[in-house]
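One-letter residues, chain by chain:
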Amino acid sequence: MAAVPAPLNTQHGCPSGLGPPADGPRLADPSPFVRREKDGRDSLELLVKGAHCAGCIRKIEGAVRALPGVENTRLNLTTGRLFASWRPGALAPRAIVETVGRLGYEALPFDPEASRHSKDETGRDLLIRLAVAGFAMMNIMMFSVPVWSGVGEMGEGARGLMHWVSALIALPACLYAAQPFFRSAAAALKQRRANMDVPISLGVILALSISVYETASGGPHAYFDGASMLLFFLLIGRYLDHRLRHEARSAAQDLLALQAVTAQRLDPDGVVRAVALRDVAPGDRLHLAPGDRVPVDGVIEQGASEFDKAILTGETAPAPAGAGDAIPAGAVNLTRPLIMRATRAAAESTVAELARLIEAGEQARARRMRIADKAASLYVPVVHTLAALTFIGWLAAPPLLRAWGYDIADLGLRGALLNAVAVLIITCPCALGLAVPAVQIVATARLFRRGVLVKSGDALERLAQADYVVLDKTGTLTLGRPALVGAVDAAALREAASLARASHHPLARALVEAAGPGRPAAEVIEHPGQGLEASLAGAPARLGRRAFAAPEAGDDGAHAGPELWFKHGEAAPIRFRFEDKLRPDAAAAVAAFRARGIDVELLSGDRPEAVEAAARAAGIATWRASVSPQDKIARLAALAAAGRRPLMIGDGLNDAAALAAAHVSAAPGAAIGASQAAADLVFQGERLSPIVEALDVARKAERRVIENLGFSALYNLIAAPIAIFGFVTPFIAAFAMSSSSLVVTLNALRLREKGRSQ
Amino acid sequence: MSVAIYLIPVALFMGAVGLAAFIWSLKSGQYEDLKGAAARILIDDED
């Protein structure tokens, strides 16, 4: 492999300090995911974590471009994707991952197959149609306003010209912009259902045809402006809705693609090759370096090490395993390189089983009806009946009334149709179509600024209904990693940390975190399950369990949690104690839930003593320990059967299925990918308070949605009779439509935080 | 009124130019990395 020049920038990670540097990045070999471009170059896409600012772009792009053979590289700061292309054979793809890793960022290869659809073609298509509808609306207004304001003054010839030019713009523009509605309406009709798009399509088609007829016969009323305005407002609503869904989907897809990290297969010819996870077959021998996640279920063939199974079981203490022991996919190898034999393919491994549970939960959730759908199912039959009645009424009523002696003009077929079209246009669900997505996008944006990612629009609807909270302990109520507690000598901490930097062990990591930045010691030897050994300033130093580092020290039994001992030369041994601390505002968040009338329960896979202690510290009365993933789902099902709507907050793989099964769910940003994919909300940072705020915002958003739907109903109650009795002109239709859409949008904007702007 | 014969095509043409410009900027990927675009102006040219 070509030698890589050391990066000049000394700062590790983001130079603006906007995020912490990646600690000990996983160095997966991305070679199975290299693509051959049309121009003959090889290219690769990586997901870079921890890039936040211009300095990050410069550092990463500069270092990758400096690699020999690299011809093009670009980092997308919004999506975190790094694209690089190079002359085939000029460098090993692994060099790119290593280079980015050395700068203090985590670079993960992902399967381009799984993220292929992440380019938002539909969103772009909707935007273009929206632009076309907007162009048509504005330019037709240019001809409609003279017609409206020139009533009685404008000659018939001039009005005809205005109408003809409007028709010339509206016909192609509307037929193009309305395609999404036509397609959706046709699909619904094929299944003998009627969705919101059926009256929209009908309204647009009828309005356009009757207007062409009016224009050709020199009549006064043409609805070209109404039709294009209707499409413009509806497309805004449609685009907002699409954005919400797309962001949710692409977040989930990225996570799926990332699970496709590679495995190091030891082939019979003795060569280690990186292969895509889906190509691992039972019986394959795999090489597992420290820090690697076990790719598939398997058995250890050679070597002994310790495993972090926290994401699978919630258990925080590392578990030792040696030759012959079974290890589940998802566990992290902590201390020593190993050779393992795969016993199951990736699709059948523990992780995949959990993924299937997640899918089952999500399907159940998709069957729930959204508020907007409920409104639409009420709206569609009413509007169709009204329009039909208007048409029949205007055909039948005048002759009848005349027979009874009233003096009323007969409008004929044309007049009756014109009034029916006016009903369809003026009751158009513009406000209805905007009512829900506008509120959801404002609420989502507000929460995003507070570090909460809302993954779907209806997640907010479900969150507003939550009346019970189920919490996981490790990583959710607590920070999920041991932290150094008690006072320690700063010099000893620095020395111990220099040893600890060589290890992936969670306690070693915690020690490094407490010590801050520094240099690793040279030639550190790691004894699995024991500790680390090196020579510091000429004297031997050991860091590890008591029996290994300081066998002479007595156990005073004062601390039940994990500990590390450090001994340097002849100095007295020093003890470092660790605890998995509660999140700083755990108790406050629990109290805040209570204050909102929501009970809190703790469900954990950990030991009863640990769970009870955490429950007491956080002020939670109900807790259960040693709970399996299936038990968690069963508990949630029991709650649902009792009529509760639980909000599940969890982070581990053991929670992922429960997250998908709950009424609504949230996961911390540090959670495992599968949990983030299964959860409705992902919150960043060390605090739980964003979830409390999300609950408040969701409840407020629900109120705004109901207000908006109520306003739309009121609007239709007033506008529909006016249209039915034939008083609507194109001017009134345009005015009513735009003002009602404006009202619901402004009402949605009230959700924005006051006094905060970015 | 006869001046409308010229003004209408001119107005529509200008509107169409705006529309075309928007579609071009969308298709050429200018909205794909708004955060990055904002950050990149801070980077000095290398040469």
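All values reported here derive from a predicted model rather than from experimental measurement.

A.B. asks: Provide a residue-level description of helix α5 (residues 179–190) of chain A, including the pertinent values.
C.D. replies: Compared with the 16 Å implied by 1.5 Å per residue over 12 residues, the 16 Å span of α5(A) between its first and last C-alpha is a close match. For α5(A), the set of buried residues is P180(A), F181(A), F182(A), A185(A) and A188(A).

A.B. asks: Give a detailed account of the pattern of salt bridges, specifying residues and quantitative values.
C.D. replies: All names here are of chain A. The final tally for this structure, using the stated rule, is 31 salt bridges over all chains. With a shortest N-O distance of 3.2 Å, E563 and R575 are connected by a salt bridge. Here E563, found in strand β21 (residues 563–568), pairs with R575, found in strand β22 (residues 574–582); they are 12 residues apart in sequence, far enough to count as distant. Notably, a salt bridge pairs R704 with E707, separated by 3.1 Å at the nearest N-O pair. Of this pair, R704 and E707 both sit in helix α23 (residues 689–724), three residues apart, which is roughly one turn of that helix. Bridged by salt links that share partners, the residues D39, R41, E71 and R87 form one connected network.

A.B. asks: Before we move on, could you go through helix α6 (residues 197–216) of chain A and cite the residues and values that matter?
C.D. replies: Helix length check: α6(A), at 20 residues, gives a terminal C-alpha distance of 28 Å against a target of 28 Å (1.5 Å per residue), a fit within 8%. Looking one or two residues past α6(A), G218(A) carries a phi angle of roughly 70°, positive in sign.

A.B. asks: Give a detailed account of the packing of aromatic side chains, specifying residues and quantitative values.
C.D. replies: Residues and elements named next belong to chain A. This structure, assessed with the given rule, holds four aromatic pairs over all chains. Between F232 and F233, the aromatic rings sit 5.8 Å apart at their centres with planes inclined by 55°, giving tilted as the arrangement. A single burial state applies to F232 and to F233, both of which are buried. Among the aromatic residues, those joined into a ring-pair cluster are W148, F731 and F735. Taking NZ or CZ as reference, R129 lies 4.4 Å from the ring centre of Y176, over its face.

A.B. asks: Requested: an account of the interface of chain A and chain B, with residues and values cited.
C.D. replies: Interface size is commonly expressed as the accessible area that is lost once the parts come together. Counting residues at the interface gives 26 residues for chain A, matched by 22 residues for chain B. It is R58(A), R124(A) and F135(A) that lose the most area in chain A upon contact with chain B, and together they represent 25% of the buried surface on that side. There are two salt bridges connecting chain A and chain B. Residue E32(B) is joined to R124(A) by a salt bridge in which the shortest nitrogen-to-oxygen separation is 2.6 Å. Scanning the region where chain A abuts chain B turns up five residue pairs in polar contact (both at pLDDT 80 or more). Mapped onto the side of chain A that touches chain B, the elements with two or more residues apiece are α1 (54–65), β3 (70–76), α3 (121–149) and α4 (156–177) of chain A.

A.B. asks: So what's going on with the packing of helix α12 (residues 430–449) of chain A against α23(A)? Which residues, and what values?
C.D. replies: A pair of packed helices can be characterised by two numbers: the angle between their axes and the separation between those axes. All names here are of chain A. At their nearest, the axes of α12 and α23 sit 9 Å apart, and the two run at 165° to each other. As the angle between them shows, α12 and α23 are arranged roughly antiparallel. In terms of crossing hand, the pair formed by α12 and α23 is right-handed. In this structure, α12 contributes A431, L432, A435, V436, V439, A443, R446 and L447 to the contact, and α23 contributes E693, A694, V697, K700, A701, R704, V705, N708, L709 and S712. Here the residues of the contact of α12 with α23 are counted per class, giving 12 nonpolar, two polar and four charged.

A.B. asks: Help me get a handle on the environment of D267(A), residues and values and all.
C.D. replies: All names here are of chain A. Tracing the backbone shows D267 in the loop between β6 (262–266) and β7 (272–276). Since its relative accessible area comes to 11%, D267 is described here as buried. Sequence separation between D267 and R285 is 18 residues, and the spatial gap between their C-alpha atoms is 7.2 Å. Reaching out from D267, the side chain makes a polar contact with the side chain of R265 at a distance of 2.9 Å.

A.B. asks: Lay out the environment of G157(A) in plain terms, naming residues and giving numbers.
C.D. replies: As for its placement among the helices and strands, G157(A) is situated in helix α4. Residue classification places G157(A) among the exposed residues on the basis of a relative accessible area of 58%.

A.B. asks: Run through the sheet that holds strand β11 (residues 319–321) of chain A, naming residues and quoting values.
C.D. replies: Residues and elements named next belong to chain A. Reading across from one edge, β11-β10-β13 is the order of the three strands in this open sheet, with antiparallel pairing throughout. Only two strands of the sheet have a single neighbouring strand rather than two, namely β11 and β13 (332–333). By the bridge criterion, three bridges tie strand β10 (residues 305–308) to β11 in an arrangement that is antiparallel. Each residue of the ladder has a partner; that of F307, found in β11, is A319.

A.B. asks: So, the confidence of the model for chain A: which residues are in play, and what are the values?
C.D. replies: Reading fine detail from the predicted coordinates is not recommended where pLDDT is low. Here chain A averages 81 in pLDDT, while 88% of its residues score no lower than 70. Every residue in residues 1–10 of chain A is under pLDDT 50, and counting partners more than four places away or in other chains gives 11 contacts.

A.B. asks: I'd like a rundown of the nonpolar core, residues and numbers included.
C.D. replies: Residue and element names in this part refer to chain A. Judged by nonpolar contacts, the single largest core of 125 residues is most densely connected at L230, L471, L477, F593, I620, L647 and I649. When residues of this core are assigned to their parent elements, the largest contribution, 14 residues, is made by α3. In this structure L230 touches I200, V204, I425, C428, C430 and M737, once residues within four positions along its chain are discounted. Residues V48, C56, V100 and Y105 belong to the second largest nonpolar core, which totals 30 residues.

A.B. asks: Talk me through the sheet that holds strand β8 (residues 285–288) of chain A; I want residue IDs and the actual numbers.
C.D. replies: Residue and element names in this part refer to chain A. What the six strands build is an open sheet, ordered β7-β6-β8-β14-β9-β12; its pairing is antiparallel. The strands lining the two open edges of the sheet, one partner per strand, are β7 and β12 (326–327). With two bridges connecting them, strand β9 (residues 298–302) and β12 associate as antiparallel partners. When the sheet's bridge partners are listed, V299 is paired in β12 with A326.

A.B. asks: Explain the environment of I718(A) to me, and be specific about the residues and the numbers.
C.D. replies: All names here are of chain A. Positionally, I718 belongs in helix α23. For I718, a relative accessible area of 53% gives the class exposed. Residues I718 and T427, spaced 291 residues apart in sequence, show a C-alpha to C-alpha distance of 9.8 Å.

A.B. asks: Break down the side chain of D225(A) for me, citing the residues and quoting the values.
C.D. replies: Residues and elements named next belong to chain A. As for its placement among the helices and strands, D225 is situated in helix α7 (residues 224–259). Here D225 sits buried without a salt bridge, and the closest side chain of opposite charge, R159, lies 12 Å off (N-O distance). Here the side chain of D225 touches S144 through a polar contact of 3.0 Å, side chain to side chain. When neighbours within four sequence positions are excluded, D225 is seen to be in contact with I140, M141, S144, W148 and P730.

What counts as what
Residues numbered from 1 in each chain as written. Chains lettered and ligands numbered in written order. Predicted model: local features only at pLDDT ≥ 70, side-chain atom pairs only at ≥ 80, totals over all residues. Heavy atoms only, no water. Helix = DSSP H or I, 4+ residues; strand = E, 2+ residues; numbered from the N terminus. Expected span 1.5 Å × (residues − 1). Buried < 20%, exposed > 50% of the residue type's maximum accessible area, 1.4 Å probe, protein only. Salt bridge = Lys/Arg side-chain N within 4 Å of Asp/Glu carboxyl O. Phe/Tyr/Trp six-rings, centres within 6.5 Å; stacked < 30°, edge-to-face > 60°. Lys NZ or Arg CZ within 6 Å of the ring centre and 35° of its normal. Contact = heavy atoms within 4.5 Å. Buried area = accessible area lost by both parts, 1.4 Å probe. Polar contact = N/O pair within 3.5 Å; in protein donor to acceptor, adjacent residues only side chain to side chain. Axes fitted to C-alpha atoms, helices over the stretch in contact; angles between N-to-C directions. Parallel < 35°, antiparallel > 145°, perpendicular 65-115°, else oblique. Left-handed = near helix turned anticlockwise from the far one by under 90°. Nonpolar A, V, L, I, M, F, W, Y, C, P; charged D, E, K, R; others polar. Pairing = 2+ DSSP bridges. pLDDT = per-residue confidence, 0-100. Core = buried A, V, L, I, M, F, W, Y, C linked by side-chain atoms within 4.5 Å. Lys, Arg positive; Asp, Glu negative; His and termini not counted.

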